Amino acid sequence: MLRVENLFKVYKNRKKNVTETVEAVKDVSFECSPGEIFGLLGPNGAGKTTTLRCISTLIKPTSGNVYIDRYNVLNDEKAIRSRIGFLTSDMKLDGFFTPDYMMDYFGALNKMSKDDIQLRKDYLFNELQMSDFIHKKIDKLSTGMKQKTAIAISLIHDPEVIIFDEPTNGLDVITSKSVTDFLKKYAQAGKTIVISTHIMHVAEKICDRFGILVEGELKEIGSLNDILENNSSDSLEDVFFGYILPGSEGEVSHAQ
Amino acid sequence: MLSDSIIILKKELRRIFTDRRMLAMLVLLPLLMLPVMYSVMAKMGASRDSEITSFRSTICLYEGIGNETVMGPFIESISTINTELEIVQLSEVEAAKLAITEKEKELLIVMPDNFHESLVECSTFDIGVYFNSTADYSQHAYSRISQVMASLNGDIVRERILERDLSEDILTVFTLNEVPMQYDLAKEGSVIGKIISILLPFFIIIYLFVNSMKVGLDTVAGEKERGTLAVTLVNQVSRLSIVIGKMMSVMIAAIVGAASSVIGLIIGSKYFMGMFGASGAAISSYSMSTLHILQFAIVIIPLAVLVASMVLIVSTFARNTKEGQGMIMPVYFVVMIMGMATMQTGDVPPKWMLSTPIINSLLVLKEIFIQGASWSSITTACLSSIVFSVILIYLTLRMFNSEKILFRI
Ligand SMILES: Nc1ncnc2c1ncn2[C@@H]1O[C@H](COP(=O)(O)OP(=O)(O)O)[C@@H](O)[C@H]1O
Ligand SMILES: [Mg+2]
């Protein structure tokens, strides 16, 4: 169970003696249960990456907390990390190595034994249909193969929670049947998946519940039906644009 | 903790040492740089020399008035040089000078009028030899003429002495170092060591730095740029382990570069140092003793750690490799100047150099090569590198723990 509780994040940057304050995340709270794929939707600069980085212990919340089971990011960084698979899809793996070696490396970084790594590799390579290219240099792989490699790496230690930030580059992959099927199956096995994106149809395809983040605030939260009902709308996209296009909010939400 | 660093180190080393292009940059380049440079220099020098000596120079000779009967030996001497002799009249002297200025002719020899009288009276007369110092051929002809004229002078003096029934020994009061003995009492091998040591510190620091940059900028700034650093941080290894692991890989790359350039320098020197004036015997007898190699390691390893930490702290601060390169350039220039400064310090370097990190290490390395570094200066150099490295590594670690720096936008 992933629980984000009253999360605030304020960036303070000093530029030429002027302190610039950005309130990137304001009082964000949501929960994701095991078995659920949660879509964090929001335009560029909404605070999606900031939220996901707080969950992954990469940055510290200004206030608020994030819990995974009985652990929280303020006090149990290590425990949280062992339960998280973190992936930003514009990550470029060093093209010199092979997927197989990268799995060994990240497995070792997660303190896994050689045998455990091998078992996990066998499972993931098979599930993601990667066997053909695991010994090829990443340089030589197609975008889709690279994305699969990245996904496999983030799952090497069998994390309970998967954080997937903006799968923009890997669009084709995340919507490709083999990967969506895999992610759904993975969630059904009791894992929690959080995906951030600003592209609605990607989210609609795989997510069970959604949060709409605008300017650091969580404006909507719920299943597709909940959100559409609340806004008396028939498409998630309309609701979304209602929030991000100033002045058009009323129009969209009251259409129909 | 350390075992975590080893995981990181192993991956970085695999990256470095299984990539042929990377290896070429890190090992082959510093190894071959000096031998290639030397051999090209030597080849060019040699072919130019042989071209100059085989060149047939044109020498103009003005014989002066009334000297017809005594010119014989002079012309004979001049003819021993590979030369085209042109006898010129007084009216042509100025034209000949102009031709030398224009590099069309090489020399003009002007004999004084009636010097045959001086010959008979045994009084001194002056011969003018005009040349052009900016023309290699003229310069060469000038030095050859000076030699043959000096030996002709000697022959005439010898004749005069014999005519007066004196021994020609009165010409030489004493000689210097003519008895065959070993007069240079420098330690065996230290002559070549001294010659190598002039270039050594400079090349060592350059390759420590260049290799550190090649590996070190990518290892953090590059990973930031590619987004793999964040993924590495969401794992079970501590940030200290990551910093230490990466530091070690940069250091190893640096040492490999420095060692390659030292080996290249020794190989290059053995074969091509002749042109720097070292005798063949001194060159082939040069080798480093185990003690010197040990001392070398004691100084160079902390120095490599220091250089690696300098690069790593910049790499950690920079948002991407490009920004890192921009930031490291000024540091690189300062270090290069430090390396150059050690080239010309003489035997007793100024105090401030001995207390400046990097420079003191380079000076000690130089001393080790001339076979005589004191343990106290070795320790000082080693400790100063360690102290500064620890400070830099501490600061790098602080940066690694600062989200402001790690996720700077
Ligand atoms: N390291 C940082 N320093 C200062 N401001 C930041 C930093 N990271 C993000 N921001 C700001 O915080 C806001 C939210 O950014 P982000 O979380 O990246 O949004 P998203 O991922 O939804 O595009 C933006 O206004 C961005 O400029
Ligand atoms: Mg983002």
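Residues numbered from 1 in each chain as written. Chains lettered and ligands numbered in written order. Predicted model: local features only at pLDDT ≥ 70, side-chain atom pairs only at ≥ 80, totals over all residues. Heavy atoms only, no water.

Draft legend 1. Molecular detail of the overall build of chain A. Scanning chain A from terminus to terminus reveals 11 helices and 10 strands. Here the C-alpha radius of gyration of chain A, 19 Å, is about what a compact globule of 256 residues would show, namely 18 Å. Within chain A, the proportion of its 256 residues that are buried is 54%. Here the contacts in chain A between residues at least 6 apart in sequence split such that 66% fall between residues at least 24 apart. Between the centroid of the 31 positive side chains of chain A and the centroid of its 37 negative side chains there is a distance of 9 Å. (Helix = DSSP H or I, 4+ residues; strand = E, 2+ residues; numbered from the N terminus. Rg over C-alpha atoms; globule rule 2.2 N^0.38 Å. Buried < 20%, exposed > 50% of the residue type's maximum accessible area, 1.4 Å probe, protein only. Contact = heavy atoms within 4.5 Å. Lys, Arg positive; Asp, Glu negative; His and termini not counted. Charge placed at Lys NZ, Arg CZ, Asp CG, Glu CD.)

Draft legend 2. Spotlight on helix α3 (residues 99-109) of chain A. Where burial is concerned, most of α3 of chain A is hidden: 9 out of the 11 residues are buried. Taken as a whole, α3 of chain A has its buried residues at P99, D100, Y101, M102, M103, Y105, F106, G107 and L109 of chain A. Residues of α3 of chain A that are buried make contact with α4 (114-127) and α5 (143-154) of chain A together with α1 (2-17) and α8 (228-233) of chain B. Remark: K111 of chain A follows α3 of chain A within two positions and exhibits a positive phi of approximately 60°.

Draft legend 3. Quick peek at the site of ligand 1. The full set close to ligand 1 counts 14 residues, and N13, G45, K48, T49 and T50 of chain A are the nearest of them. Proximal residues around ligand 1 fall on chains A and B, making this an inter-chain site. Between ligand 1 and N13 of chain A, the relevant distance is 3.1 Å, taken from a nitrogen atom to a side-chain nitrogen or oxygen of the residue. Between ligand 1 and G45 of chain A, the relevant distance is 2.7 Å, taken from an oxygen atom to a main-chain nitrogen or oxygen of the residue. Compared with its free state, where it exposes 560 Å², ligand 1 has 79% of that area covered by protein. Comparing atom positions with the cavity grids shows ligand 1 to sit within the largest pocket. When residues of the shell around ligand 1 are traced back to their parent elements, those giving at least two are β1 (2-15), β2 (18-32) and α1 (48-55) of chain A. (Near = heavy atom within 4 Å. Polar contact = N/O pair within 3.5 Å; in protein donor to acceptor, adjacent residues only side chain to side chain. Areas by Shrake-Rupley, 256 points an atom, 1.4 Å probe, with all protein chains shown as cover. 1 Å grid on protein atoms, 1.4 Å probe; cavity = no way out; pocket = protein on both sides within 12 Å on 5 of 7 lines; lining within 4 Å. Sits in = over half its atoms within 2 Å of the grid points.)

Draft legend 4. Main features of the sheet that holds strand β3 (residues 107-110) of chain B. All names here are of chain B. Taken in spatial order, the 4 strands make up an open sheet running β2-β1-β3-β4, and their pairing is mixed. The open sheet has two edge strands, β2 (83-88) and β4 (128-130), and neither has a second partner. Shown here is a sheet whose adjacent strand axes are inclined to one another by a mean of 20°, direction ignored. Pairing analysis gives 3 bridges linking β3 to β4, with the strands arranged antiparallel. Bridged to L108 within β4 is Y130. (Pairing = 2+ DSSP bridges. Axes fitted to C-alpha atoms, helices over the stretch in contact; angles between N-to-C directions.)

Draft legend 5. Examining the side chain of S77 of chain B more closely. Its place among the elements puts S77 of chain B in helix α3 (residues 72-79). The contacts of S77 of chain B, once residues within four sequence positions are left out, are V148 and L152 of chain B.

Draft legend 6. The pattern of salt bridges, seen in detail. Summed over all chains, the structure comprises 29 salt bridges over all chains. For E127 of chain A, the salt bridge is made with K185 of chain A, and the minimal N-O distance between the two is 2.8 Å. In this pair, E127 of chain A sits in helix α4 while K185 of chain A sits in helix α7 (residues 177-188), placing the two residues 58 residues apart along the sequence. Judged by its relative accessible area of 45%, K185 of chain A is partly exposed. Connected through salt bridges with shared partners, the residues K11, E12, E223 and K246 of chain B form a single ionic network. (Salt bridge = Lys/Arg side-chain N within 4 Å of Asp/Glu carboxyl O.)

Draft legend 7. Here's a closer look at the pairing of β1 of chain A. All names here are of chain A. In the sheet, β1 pairs with β2 via 11 bridges, with the strands oriented antiparallel. Residue pairing in the sheet places K12 in a bridge with T21 of β2. Counting the residues in the hairpin turn of β1 and β2 gives 2 residues, including K16, whose phi is positive at 50°. With 5 bridges joining them, β1 and strand β4 (residues 63-68) adopt antiparallel strand pairing. Directly across from R3, in β4, lies its bridge partner Y67.

Draft legend 8. Region of the structure containing the sheet that holds β4 of chain A. Residues and elements named next belong to chain A. Read across the open sheet, the 4 strands follow the order β2-β1-β4-β5; overall the sheet is antiparallel. Across the chains shown, the open sheet's two edge strands, defined by having one partner strand only, are β2 and β5 (71-72). Where α1 meets the sheet, it contacts β1, β2 and β4, and its direction lies at approximately 115° from that of β1.

Draft legend 9. Spatial organisation of unusual backbone geometry. Within the chain, N17 of chain A stands out as a residue other than glycine whose phi angle is a positive 70°. Relative to the helices and strands, N17 of chain A resides in the loop between β1 and β2. Given a relative accessible area of 66%, N17 of chain A falls into the exposed group. Although it is not a glycine, C122 of chain B adopts a positive phi angle of roughly 60°. Looking at the secondary structure, you find C122 of chain B in the loop between α5 (115-121) and β4. Judged by relative accessible area, C122 of chain B falls into the partly exposed class, the value being 32%.

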